[in-house]
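Structure at a glance
These are the residues of each chain, in order.
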Amino acid sequence: MFARSTDNLVSGNIVSSNGFHKASNRRGDGIRVFRYADRNTVKDNQVFENAANGIRVDSQNNMIISNRTRDNATGVRPGDAAAFDLYDTNTAPACDANVWSHNTYETAFPKCTTEL
């Protein structure tokens, strides 16, 4: 979701194999909520085998609920930024009021993505 897109629902999708276009290009996330895209819901999606993060949230007051993620970050090379199945760039305070709940994952960062 691009910046300033608010109050949206992303639900029931299968998202896989993003970000493998060219080795020199930036790695792609499965689902990404960009900065200032607040109050959105990402729910009941299956997010697998994307080059970078499975679900990445850069904004606040979003709900990320009941998604299934695994085997993301398969395109990360040495020197690339770390990537995870669940990733919230708002590490303090506590994911900036994003709610992460009932998601399945193999890797996640920071801890607030897995506490609920």
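A brief look at the structure comes next. What you see is a predicted model, and the numbers here were worked out from it, not measured in a lab.

**Focus: the overall build of the protein chain**
- Helix and strand content of the protein chain: 0 helices and 11 strands.
- Secondary structure of the protein chain in N-to-C order comes out as β-β-β-β-β-β-β-β-β-β-β.
- Counting only C-alpha atoms and orienting by the principal axes, one finds that the protein chain spans roughly 35 × 25 × 25 Å.
- For the protein chain, the proportion of its 116 residues judged to be buried stands at 43%.
- Taking the intrachain contacts of the protein chain between residues at least 6 apart in sequence as the baseline, contacts between residues at least 24 apart amount to 57%.
- Surface accessibility of the protein chain: about 6300 Å² in total, with carbon and sulfur atoms responsible for 50%.

**Details of the pattern of salt bridges**
- One pass over the structure, following the stated rule, counts 5 salt bridges.
- One salt bridge connects D7 with R39, and the closest N-O pair in it is separated by 2.8 Å. In this pair, D7 sits in the segment before β1 (9–11) while R39 sits in the loop between β3 (31–33) and β4 (41–43), placing the two residues 32 residues apart along the sequence.
- R39 gets classed as partly exposed once you look at its relative accessible area, which sits at 45%.
- Ionic contacts of the salt-bridge type, sharing partners, join the residues D29, R32, R56 and D58 into one network.

**With respect to the state of the cysteines**
- As enumerated under the stated definition, the model contains 1 disulfide in all.
- A sulfur-sulfur distance of 1.7 Å marks the disulfide that ties C95 to C112. Disulfide C95-C112: the torsion about the S-S bond is 75°, which places it as right-handed. In this pair, C95 is assigned in the loop between β9 (86–88) and β10 (99–101) and C112 in the segment after β11 (108–109), connecting sequence segments 17 residues apart. With respect to burial, C95 and C112 carry one shared label: buried.

**A word on the environment of V10**
- With respect to the secondary-structure elements, V10 resides in strand β1.
- Look past the residues within four positions of V10 in its chain and what remains in contact with it is M1, I31, T41, V42, K43 and N45.

**Some words on the nonpolar core**
- Ranked by size, the top nonpolar core spans 14 residues in total, and within it I31, V42, I55, V57, I64 and W100 carry the most contacts.
- At the level of secondary structure, the elements contributing two or more residues to this core comprise β3 and β6 (55–57).

**With respect to the environment of T107**
- Within the element layout of this structure, T107 appears in the loop between β10 and β11.
- A residue is classified by how much of its surface remains accessible, and T107, at 35% relative accessible area, is partly exposed.
- Between the C-alpha atom of T107 and that of L86, which follows or precedes it by 21 residues, the distance is 6.7 Å.
- Of the polar contacts made by the side chain of T107, one reaches the backbone nitrogen of D85; its length is 3.0 Å.

What counts and how
Residues numbered from 1 in each chain as written. Predicted model: local features only at pLDDT ≥ 70, side-chain atom pairs only at ≥ 80, totals over all residues. Heavy atoms only, no water. Helix = DSSP H or I, 4+ residues; strand = E, 2+ residues; numbered from the N terminus. Buried < 20%, exposed > 50% of the residue type's maximum accessible area, 1.4 Å probe, protein only. Contact = heavy atoms within 4.5 Å. Areas by Shrake-Rupley, 256 points an atom, 1.4 Å probe, with all protein chains shown as cover. Salt bridge = Lys/Arg side-chain N within 4 Å of Asp/Glu carboxyl O. Disulfide = S-S within 2.5 Å. Core = buried A, V, L, I, M, F, W, Y, C linked by side-chain atoms within 4.5 Å. Polar contact = N/O pair within 3.5 Å; in protein donor to acceptor, adjacent residues only side chain to side chain.

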